[in-house]
Amino acid sequence: MSAILIDGKKVSLDIRERLKRETEAFITKTGVTPGLAVVLVGNDPASAVYVRNKHRACGEIGFYSEVHELPEDTKESDLLALLARLNDDPKIHGILVQLPLPKQINEEKVILTIKPEKDVDAFHPANVGRIMLGNYRFLPCTPAGVMALLDAYGIDPSGKSCVVIGRSNIVGKPQALLMLERNATVTICHSRTVDLPSYTKRADIVVVAVGKARFLTGDMVRPGAVVIDVGINRLPDGKLCGDADFASVSEVASAITPVPGGVGPMTITMLMQNTLSAAKAAEKDE
Ligand code: NDP
């Protein structure tokens, strides 16, 4: 292996230490403890793990946090009523509804119900629009985590050719915008892209977010490129693996994020950062 390993666990720990210090200072100054409410509907085991991790991270950093666990057959109106209460609760600065939701609940309605000032996932159209305009309140957690990793390793996207594979609303599209804002020349590829390797082979930075195990192989990557692997795929043996074929890509790339231990740990850390920002904005302490 010739690539440098971009250690998301380490970067994430460093940022969480900083957030802990900032939170202490904020509480001392304002008397207000940043608060996050996480809402989980149904019994999806992966979602339950994410929610538990978010709750634990809040405790470590010094936030107040509430977890609302609602049954699988929850009515949409009951969830919206809970969100309305959380919107008005001064203890709560950030609200997150764990997706996916059971089918009787309209995801769009749920996202629209959360006050944009408390939308720490940055999924509300008002926040998405602000990202488009480069005047954001919060950044979506996974793409923000990718940018923080690049910064931690001194990888400046400015003037570089960047290919983002995937165009989902939570990863690919906002990732491309954040790269553009940092002056990369960005190409977004997706399932209808013809001859994907012809794009990836020219890229200085490849961000892969397709949800297919070992999709990006070493022969698709330019020697010396940086590869950021957002994918989290569970293999039949229960192990996790990314969207990049680590063995072959790490022979060619100059730097790569491992899975697990790369982008994954950054996502919750960025959620914590957004919650602190929301509390600071509410207290006009920015
Ligand atoms: P989606 O399924 O919403 O999007 C996948 C994207 O990949 C789509 O835009 C799709 O294109 C594209 N795609 C699929 N097949 C191909 C192909 N053969 N060639 C090129 N593009 C292709 O996934 P998400 O964006 O939500 O997630 C992507 C991955 O990132 C998943 O593994 C997910 O688990 C992981 N993830 C990790 C997070 C973390 O914290 N590390 C957070 C969020 C996600 P099209 O639009 O044309 O269908």
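All residue numbers here refer to positions counted from 1 along the written sequence of the relevant chain. It should be noted that, the model being predicted, local features are given only for residues of pLDDT at least 70 and side-chain atom pairs only at 80 or more, the latter also being counted only at that level, while totals for whole chains, interfaces and linings use all residues. Side-chain metrics in this entry use all non-hydrogen atoms of the structure; hydrogen atoms and water are not considered.

All right, on to the overall build of the protein chain then. Only runs of H or I of at least four residues qualify as helices and only runs of E of at least two qualify as strands under DSSP, and these elements are numbered from the N terminus. A count of helices and strands for the protein chain gives 10 helices and 11 strands. To get the radius of gyration, use the C-alpha atoms; to get the globule rule, take the number of residues to the power 0.38 and multiply by 2.2 Å. The C-alpha radius of gyration computed for the protein chain amounts to 19 Å, which stays within 12% of the reference 19 Å derived for 286 residues, consistent with globular compactness. Each principal axis of the C-alpha distribution contributes one length, and for the protein chain these read about 50 × 45 × 35 Å. Of all 286 residues assigned to the protein chain, the portion counted as buried reaches 48%. Reported accessibility uses the Shrake-Rupley method at a 1.4 Å probe radius. Residues are deemed covered only where the shown protein chains occlude them. Within the structure as shown, the protein chain displays about 13,600 Å² of accessible surface, and the carbon and sulfur contribution to it stands at 54%. Neither His nor the chain ends contribute to the count of charged residues, in which Lys and Arg are positive and Asp and Glu negative. Note that the charge is assigned to NZ on lysines, CZ on arginines, CG on aspartates and CD on glutamates. Of the side-chain charges in the protein chain, 33 are positive and 34 negative, and the distance between the mean point of each set is 1 Å. Burial classes: relative accessible area under 20% of the type maximum marks a residue as buried, over 50% as exposed, and values in between as partly exposed (1.4 Å probe, protein chains only).

A word on the nonpolar core. Buried Ala, Val, Leu, Ile, Met, Phe, Trp, Tyr and Cys residues form a nonpolar core when they are joined through side-chain atoms within 4.5 Å. Of all hydrophobic cores here, the largest spans 51 residues; its most connected members are M179, V226, I228 and M272. Ranked by residue count, the leading element in this core is helix α10 (residues 264–282), at 8 residues. Counting residues in hydrophobic clusters, the runner-up holds 17 residues, among them A3, M220, V221 and A253.

Let us now look at the site of the ligand. For each residue, the test is whether any non-hydrogen atom lies within 4 Å of the molecule or strand; if one does, the residue is near. Around the ligand, the surrounding shell holds 21 residues, and the nearest of these are R167, S168, S191, K212 and T267. A distance of 3.5 Å separates a nitrogen atom of the ligand from a polar atom in the backbone of H190. K212 places a polar side-chain atom, nitrogen or oxygen, 3.0 Å from a nitrogen atom of the ligand. For the ligand, whose unbound accessible area comes to 940 Å², protein coverage reaches 70%. In protein, a polar contact requires one atom able to donate a hydrogen and another able to accept it; more generally it is a pair of N or O atoms within 3.5 Å, and residues adjacent in sequence count only if both atoms are side-chain atoms.

Let us look at the packing of helix α2 (residues 45–61) against α10. What counts as an axis is a line fitted to C-alpha atoms, over the stretch in contact for a helix, and the angles between N-to-C directions run from 0 to 180 degrees. Between α2 and α10, the least distance of the axes is 10 Å, while the angle of their chain directions is 50°. In terms of their interaxial angle, α2 and α10 are classed as oblique. Like other packed secondary-structure pairs, α2 and α10 cross with a definite hand, here right-handed. Where α2 abuts α10, its residues Y50, N53, K54, A57, C58 and I61 lie against I268, L271 and M272. Each residue gets one label: Ala, Val, Leu, Ile, Met, Phe, Trp, Tyr, Cys and Pro are nonpolar, Asp, Glu, Lys and Arg are charged, and the others, such as Gly, are polar. Among the residues forming the contact of α2 with α10, the class breakdown is 7 nonpolar, 1 polar and 1 charged. For classification, angles of less than 35 degrees are called roughly parallel, those exceeding 145 degrees roughly antiparallel, those between 65 and 115 degrees roughly perpendicular, and all remaining angles oblique. By convention, the crossing between two helices is left-handed when the near helix turns anticlockwise from the far helix through less than a right angle, and right-handed when the turn is clockwise. Contacts were defined at the residue level, with two residues in contact if any of their heavy atoms lie within 4.5 Å.

Bringing the pairing of strand β5 (residues 161–165) into the picture now. Two faces belong to every sheet, and in a regular strand the side chains alternate between them. Most of β5 sits out of view: 4 of its 5 residues are buried. Two strands form a pair only when DSSP identifies at least two bridges running between them. Taken together, the 5 bridges between β5 and strand β6 (residues 185–189) define a ladder with parallel strand orientation. Each bridged residue has a counterpart across the sheet, and for C162 the counterpart in β6 is V186. A clockwise path from the first strand over the helix to the second, with the strands pointing away from the viewer, defines a right-handed crossover. Following the backbone out of β5, through helix α7 (residues 172–181) and into the adjacent parallel β6, one traces a crossover that is right-handed. Note that β5 and strand β7 (residues 205–208) share 4 bridges and pair parallel.

Here we come to the environment of L86. Along the polypeptide, L86 turns up in helix α3 (residues 76–88). For L86, a relative accessible area of 3% puts it in the buried group. Sequence-wise, L86 and L36 are 50 residues apart; in three dimensions their C-alpha atoms are separated by 9.7 Å. Ignoring anything within four residues of it in the chain, the contact list for L86 reads A37, V39, E66, H68, I92, I95 and K118.

Mapped onto the elements, E66 comes out in strand β3 (residues 64–70). By definition, a salt bridge exists where a carboxyl oxygen of Asp or Glu is found within 4 Å of a side-chain nitrogen of Lys or Arg. The charged side chain of E66 is buried without a salt bridge, its nearest counter-charge being K91 at 4.3 Å. Contacts of E66, omitting those with residues within four sequence positions, involve L36, A37, V38, L86, D89, K91 and I92.

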